[in-house]
Structure formats: C-alpha cells, structure tokens
Amino acid sequence: MVRQHVNPLSRFYQLPRPLPPLQELFPPPLGAPRRPLHIDIGCARARFLLALAPLEPDWNHLGLEIRRPLVAAAEAEREELQLSNLKILFANANVSLPPWLAALPPGQLQLVTIQFPDPWFKLRHHKRRMVQPELLQALASALDPHGQLLLQSDVPMVMEQMLEAVAASGAFEPADGGTWLAENPLPVRTEREGHVLHQGLPVYRRLFRRGRSWQGLH
C-alpha cells in the first residue's frame, strides 16, 4: 500500500479554509446537527467512515483529509450511499479545524480518531507530521469531558511522536490504563489497519480522555 503525500506546510495548504457549520453539514430533516460528533482526522479515502456511519446512525461522523482527490471520491460514494450522518471535507486540520472547534456546542464532540497518519520518515520532514500540541489543545477544548481520543499507527516512531505531542499538550490522560490496546475498540478497521494486520504486523493503539485537571486554553 503506497502512501501519497502532500506537503501540509506549503503555502497552498496553509491558507485558512473555513469549514461549514454543523447545521450546514448535517441539515434537517435527514440530518440531525445535535447528534454526538465523531471527527476522523486524516481520513484518506474514508472507507473506514463509509463503513462505520451506517453502523452508528445516531452519531454524526466528520472526516477531514488534506488530499483533495480522495475527498472527492469519498464524497461521491457517500452521496451514492445516501449517508446523511457522514461528511468528508478537504482541509488541513492544523489550520482549519481549531477555529471550527471553538464554535461547537459544548459537549457535542464525543470522539476524535487519528489513525495511521503519514509518517514523514525523513528527519527534516518531521515538522510536517499532523499531530501537534496546538491541535490537541483545540481538540481538548471542544471535547466532551467524557469524550475520547483514539490514536493508531503501525510505525513506532510515529506513535512515539504522537504520544509526545499528547504529553506536551497537557490536555489528556490515559483512558486505557496507560497500556497498548490489543484490539481496536471501534467496530470497523481502517483500510491501512486491515492491510497491516493481514501481513501479521503490529498496530500500536492508545486511548485518551480529556484531562480532569486540564483548565483549557488561556
């Protein structure tokens, strides 16, 4: 499975692109903007969300992806399947998501998943990695106190960087006893996860909740 990269730090991807409000993403009568919200950051072709949304019809699912052709393909399939509780958007999460999160109704964001982000193996490219403390701060500000953050990767150094960013944010605490999850707590695997497990290789998973002593952004 070949990963196709774009440079998130290039000028094009650093331009602010406001995301539509919940009422526009999930409008009545078919939609329900007050449902619990799940955000999958870096959703790629969104096959995970396309399979999950029908299984969890009482939730709204929002996928964000920086590669526009993948978003177009995923949205076309979503429309064909008539999934009113799912939307896939083109966005650089580090740029566009924090201001959108700040406008969310309190407690609506219940789950955030960041699964198998681009590894950017070269040292000079590490700054391009998606999970940064500033993004985590914004997520924690919007997340319900009982909401959860799920991280997954098959690359140890990427998982280590994500865990370091979580620790640096000071916004989360383990919801998994501080140990690796042996199984995915969600009912659907991502395409990457299935590919890795089929090869008999390990997947590294950690689950967090918003820190009970965290006071939010200042």
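Whatever comes next refers back to the structure up there.
Summary of the structure given here. Note that the structure is a prediction, hence the values are computed from the model and not measured. (Residues numbered from 1 in each chain as written. Predicted model: local features only at pLDDT ≥ 70, side-chain atom pairs only at ≥ 80, totals over all residues. Heavy atoms only, no water.)

1. Re the pairing of strand 3 (residues 86–90)
(1) Moving on: Here strand 3 lies mainly inside the structure; four of its five residues are buried.
(2) Moving on: Pairing geometry for strand 2 (residues 60–65) and strand 3, over five bridges, is parallel. When the sheet's bridge partners are listed, L62 is paired in strand 3 with K87.
(3) Moving on: With respect to chirality, the unit in which strand 2 leads through helix 4 (residues 68–81) into the neighbouring parallel strand 3 is right-handed. (Buried < 20%, exposed > 50% of the residue type's maximum accessible area, 1.4 Å probe, protein only. Helix = DSSP H or I, 4+ residues; strand = E, 2+ residues; numbered from the N terminus. Pairing = 2+ DSSP bridges. Right-handed = clockwise from strand over helix to strand, strands pointing away.)

2. Some thoughts on the nonpolar core
In summary, soluble globular proteins display a tendency toward joint burial of nonpolar side chains.
(1) Moving on: Ranked by internal contacts, the top residues of the largest apolar core, which has 39 residues, are I39, L97, W100, L101 and F172.
(2) Moving on: Among the secondary structure elements, those contributing two or more residues to this core are helix 2 (22–25), strand 1 (37–41), strand 2, helix 5 (93–102), strand 4 (109–115), helix 6 (133–142), strand 5 (143–153) and helix 7 (156–169).
(3) Moving on: The element that contributes the greatest number of residues to this core is helix 6, accounting for six residues.
(4) Moving on: Setting aside anything within four residues of it in sequence, one finds F172 in contact with L136, L139, A140, L143, L149, V166, F208, R209, R210 and G211.
(5) Moving on: C43, F48, L111 and L150 belong to the second-largest nonpolar core, a separate cluster that totals 19 residues. (Core = buried A, V, L, I, M, F, W, Y, C linked by side-chain atoms within 4.5 Å. Contact = heavy atoms within 4.5 Å.)

3. Topic: the sheet that holds strand 3
(1) Moving on: Strands sit in the order 3-2-1-4-5-7-6 across an open sheet of seven strands; the sheet is mixed. Only two strands of the sheet have a single neighbouring strand rather than two, namely strand 3 and strand 6 (172–174). On average, each strand axis in the sheet is inclined to that of its neighbour by 20°, with strand direction left out of account.
(2) Moving on: Along the sheet face, helix 4 touches strand 2 and strand 3 and points at about 160° away from the line of strand 3. (Axes fitted to C-alpha atoms, helices over the stretch in contact; angles between N-to-C directions.)

4. Quick look at helix 3 (residues 47–55)
(1) Moving on: Listed as buried for helix 3 are F48, L49, L50, L52 and A53.
(2) Moving on: Taken together, the buried residues of helix 3 touch strand 1, strand 2, helix 4, strand 3 and strand 4.

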